[in-house]
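# Structural description and commentary
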Amino acid sequence: MKVRSIALVLSILACLSALTLAQETGLPGQPMYAHPVPNVRAELATAATPLVTWNGSFVANSHTFRFNMVGTAPSTGVSTTIKTFIIPVKLTFSATSGSVTFNPFTRLSNGQIAVNNVLASPLFHSGIDFIEGGVNLGNTQYIDAFQRGNFWSKVSKAPGYHVLLGAPTVLPTLSLTVPKASGQLGTAFGIRVGLADINWLDPHLQNYMSSHSEIVPNSLPIFMIFDTYLFDAHITKCCIGGYHTSFGSLSTPQAYAEFSYLNKSGAFGEDVSALSHEVGEWVDDPLVVNLTGNPTPCGALEVGDPEETEPNSGNFPYTFNGFTYHLQDLVWLPYFGAPRSTSANGVLTFHQNPFNLTVCSNGS
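Residues numbered from 1 in each chain as written. Predicted model: local features only at pLDDT ≥ 70, side-chain atom pairs only at ≥ 80, totals over all residues. Heavy atoms only, no water.

### Things to note about the overall build of the protein chain
Counted only if it meets this: Note on conventions: DSSP H or I runs of at least 4 residues are helices, E runs of at least 2 residues are strands, and numbering of each starts at the N terminus. Only heavy atoms enter the contact rule, under which two residues are in contact if any of them lie within 4.5 Å.
Helix and strand counts for the protein chain stand at five helices and 20 strands. Long-range contacts, defined here as pairs at least 24 residues apart, represent 69% of the contacts in the protein chain between residues at least 6 apart.

### Quick word on the nonpolar core
Applicable threshold: Grouping buried Ala, Val, Leu, Ile, Met, Phe, Trp, Tyr and Cys residues that are joined through side-chain atoms within 4.5 Å yields what is termed a nonpolar core. The buried label applies to any residue whose accessible area, calculated with a 1.4 Å probe on protein chains only, is under 20% of its type's maximum; exposed applies above 50%, and partly exposed to all values in between.
Counting 77 residues, the largest nonpolar core has Tyr261 and Trp282 as its most contacted members. The element that contributes the greatest number of residues to this core is helix H5 (residues 273-284), accounting for five residues. Those residues in contact with Tyr261 that sit more than four places away from it in its chain are Leu108, Ala114, Asn117, Val118, Met224, Ile225, Phe226, Asp227, Gly269, Asp271, Val272 and Phe323. Counting residues in hydrophobic clusters, the runner-up holds 30 residues, among them Val100, Leu185, Tyr208 and Ile215.

### Some remarks on helix H2 (residues 142-150)
Counting buried positions along H2 gives nine out of nine residues, so the element sits mostly inside the fold. Regarding H2, the residues found buried are Tyr142, Ile143, Asp144, Ala145, Phe146, Gln147, Arg148, Gly149 and Asn150.

### What to know about the confidence of the model for the protein chain
Just so we agree on the cut-off: pLDDT is a residue-level measure of predictor confidence that goes from 0 to 100.
With 86% of its residues at a pLDDT of at least 70, the protein chain reaches an overall mean of 87. Considering only residues more than four positions removed or in separate chains, one finds that residues 1-23, a stretch of pLDDT under 50, has 67 contacts.

### Quick look at unusual backbone geometry
In this model, Ser62 sits at a positive phi of 65°, which is unusual for a non-glycine residue. Inspection of the secondary structure puts Ser62 in the loop between strand S4 (53-60) and strand S5 (63-70). For Asn356, which is not glycine, the phi torsion reads 60° and is therefore positive. As for its placement among the helices and strands, Asn356 is situated in the segment after strand S20 (323-328).

Encoded structure:
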């Protein structure tokens with residue numbers, strides 16, 4: 001879903017009414033994602049390392065809609081690899097019995113710590129041959145397979161095309177204590193979680209990026225929180241599984257993403273499902289340039305949001321490296337009105353439209 005401003009409006013559905021109470025709260029959680037408007041300033045110096053992107057367009061209803069995406073044009077057959085960082089975020093909350101910390105280095109039932117489970121996922125490794133509707137999209141990373149199918153009419157003639165995430169570097173942990181006015185403990189989707197205000201958290205993420213010189217615009221920093229959701233305190237809504245946006249120089253902004261890793265089967269944001277959502281949206285609109293002034297026929301080019309209300313939040317299981325990951329289906333450009341000839345089999349989504357979506361049927 002879309003956020004008009006990180007400090008003002010999150011246009012999402014209801015669920016929480018008393019986030020500032022000291023006691024823990026049971027939450028009728030609503031799966032949702034945020035989409036903050038970029039925080040960019042023209043006076044900053046232009047970075048020397050811009051993100052590799054290309055510009056394209058499609059025609060719908062006799063109108064041309066333009067977009068900016070990561071990598072090179074699919075017709076070039078060129079492979080692009082993006083330097084990637086994972087930043088674990090350890091959040092400590094106050095409780096009546098003392099403080100509670102949610103740590104991405106928690107050891108899971110499969111013996112792995114959560115951060116390492118992310119690093120071993122199909123988002124960063126090849127090893128699955130993605131065949132959708134009889135079309136072999138390649139033995140590759142999950143988001144690369146999605147994007148190859150998105151432009152299959154071009155990629156089938158230029159099979160060298162890829163958009164890959166480099167092996168992530170794990171940067172030092174960002175440890176924060178959440179003020180009582182900006183978060184609390186609660187229960188949502190059957191699991192005890194932390195709840196943190198997105199408007200409180202985001203400036204900390206931007207400060208972290210500004211203080212780490214290795215994070216440059218041609219990279220993707222990803223912030224990971226564990227067993228914690230975000231909410232917007234301005235209109236008290238929950239639960240946000242992640243977001244992506246950009247900040248910094250107007251001419252060369254820094255894109256970044258944030259996601260929740262939930263350690264419970266069937267919970268919203270289970271393992272890397274929220275991460276697959278956010279990286280899928282980043283690859284198709286890394287700098288969120290189409291949010292204002294260049295929307296698609298059904299709004300922002302948010303390729304994960306139309307399926308967030310589907311069964312199990314639109315997730316599909318993939319067993320990989322001895323663990324079953326849950327990766328979200330994502331919509332292709334024909335969902336937004338592009339010609340069906342663009343995508344593999346002319347369908348609307350990566351998983352061959354199992355939820356029977358129609359053009360713009362679930363917004364964006």
